[in-house]
Amino acid sequence: MSGLANVETEMKLGGGAQFWVYLSPQNNTAKVIKEWSVKFTQGNWSDSITSENPTKQIKTPNLSGNFDIEVTTLNSSTNPPIKVNIPAQLGSINEIGCNANCASFVGLVADEKTLLGGVNVKFWTTWDAMCSRV
């Protein structure tokens, strides 16, 4: 099984930072994490990619630089289920950088061993994963 690159169509780089979410094929990530959200924010601009539309690509209105990210999932081991933050893997933080001619992504990967009642997934960031020369 390959990873879900979550890119619906070709990306046309330039004119603003772009983002997508990658679901790793490791540890059956797509089956472990059912409801998730990644929110990108810079100043008064924000947009999200969620499990309801996982192939969505975000293109900012000519923005670049550092963006705050909030990565959450629904913990269904509680009644009622509650929204919880997904922790970052070592080396990543709740921030991602992207130039106006580039695309960056947030990756989600399930833990190797699941914990009863735990979030069981982590995220990492890849800054300027693809860039155009313009």
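Note that this is a predicted model, so its numbers are computed, not measured. (Residues numbered from 1 in each chain as written. Predicted model: local features only at pLDDT ≥ 70, side-chain atom pairs only at ≥ 80, totals over all residues. Heavy atoms only, no water.)

Considerations on the state of the cysteines
Then comes step 1: Enumeration over the complete set of coordinates arrives at one disulfide.
Then comes step 2: Here C102 pairs with C131 through a disulfide, and the sulfurs are 2.0 Å apart. Sign of the S-S torsion, about 105 degrees for the bond between C102 and C131, identifies this disulfide as right-handed. Residue C102 is found in strand 8 (residues 102-110), and its partner C131 is found in strand 9 (residues 121-131); the two are separated by 29 residues along the sequence.
Then comes step 3: Given a relative accessible area of 1%, C102 falls into the buried group.
Then comes step 4: For C131, a relative accessible area of 41% translates into the label partly exposed.
Then comes step 5: There is no disulfide at C98, and the cysteine sulfur nearest it, in C102, is 5.5 Å away. (Disulfide = S-S within 2.5 Å. Helix = DSSP H or I, 4+ residues; strand = E, 2+ residues; numbered from the N terminus. Buried < 20%, exposed > 50% of the residue type's maximum accessible area, 1.4 Å probe, protein only.)

Brief notes about the pairing of strand 3 (residues 45-50)
Then comes step 1: The sheet contact formed by strand 2 (residues 36-42) and strand 3 spans six bridges and is antiparallel. Counted as the bridge partner of V38 is I49 from strand 3. (Pairing = 2+ DSSP bridges.)

Some remarks on the pairing of strand 1 (residues 18-23)
Then comes step 1: When you tally the buried positions in strand 1, you get five out of six residues, the bulk of the element.
Then comes step 2: One ladder, built from six bridges, connects strand 1 with strand 8; its direction is parallel. Across the sheet, residue L23 finds its bridge partner in strand 8, namely L108.

Examining the packing of aromatic side chains
Then comes step 1: Here the structure, examined in full by the defined rule, presents six aromatic pairs.
Then comes step 2: Cluster of aromatic residues (ring-pair linked, three or more members): F19, F40, W45 and F67. (Phe/Tyr/Trp six-rings, centres within 6.5 Å; stacked < 30°, edge-to-face > 60°.)

Quick notes on the sheet that holds strand 8
Then comes step 1: Read across the open sheet, the four strands follow the order 4-1-8-9; overall the sheet is mixed. On the outer flanks of this sheet lie strand 4 (58-59) and strand 9, each paired with one strand and no other.
Then comes step 2: Judged from the eight bridges that link them, strand 8 and strand 9 form a sheet pairing that is antiparallel. Bridging from a neighbouring strand, A110 pairs with V121 of strand 9.

A closer look at the environment of G16
Then comes step 1: Structurally, G16 is set in the segment before strand 1.
Then comes step 2: Separated by 87 residues in sequence, G16 and A103 place their C-alpha atoms 8.8 Å apart.
Then comes step 3: Not counting the four nearest positions on each side in its chain, G16 is found in contact with K59, T60, N62, L63, N99, A100 and C102. (Contact = heavy atoms within 4.5 Å.)

A closer look at the nonpolar core
Then comes step 1: F19, W36, F40, V71, V106 and L108 are the most contacted members of the largest nonpolar core, which totals 22 residues.
Then comes step 2: Residue assignment for this core shows that the elements contributing at least two residues are strand 1, strand 2, strand 3, strand 5 (65-75), strand 7 (95-98), strand 8 and strand 9.
Then comes step 3: Those residues in contact with F19, other than ones at most four positions away along the chain, are M11, F40, I49, K56, Q57, I58, T60, F67, I96, C98 and S104.
Then comes step 4: Counting residues in hydrophobic clusters, the runner-up holds six residues, among them M11, W20, V109 and W124. (Core = buried A, V, L, I, M, F, W, Y, C linked by side-chain atoms within 4.5 Å.)

Describing the pattern of salt bridges
Then comes step 1: Inspection of every chain in the model, using the stated rule, returns two salt bridges.
Then comes step 2: Between K56 and D47 there is a salt bridge, and its shortest N-O distance comes to 2.8 Å.
Then comes step 3: Of the charged contacts in the structure, one is a salt bridge between K122 and D111, with a shortest N-O distance of 3.3 Å. Pair noted here: K122 is in strand 9 and D111 is in the loop between strand 8 and strand 9, with a separation of eleven residues, a long-range link. (Salt bridge = Lys/Arg side-chain N within 4 Å of Asp/Glu carboxyl O.)

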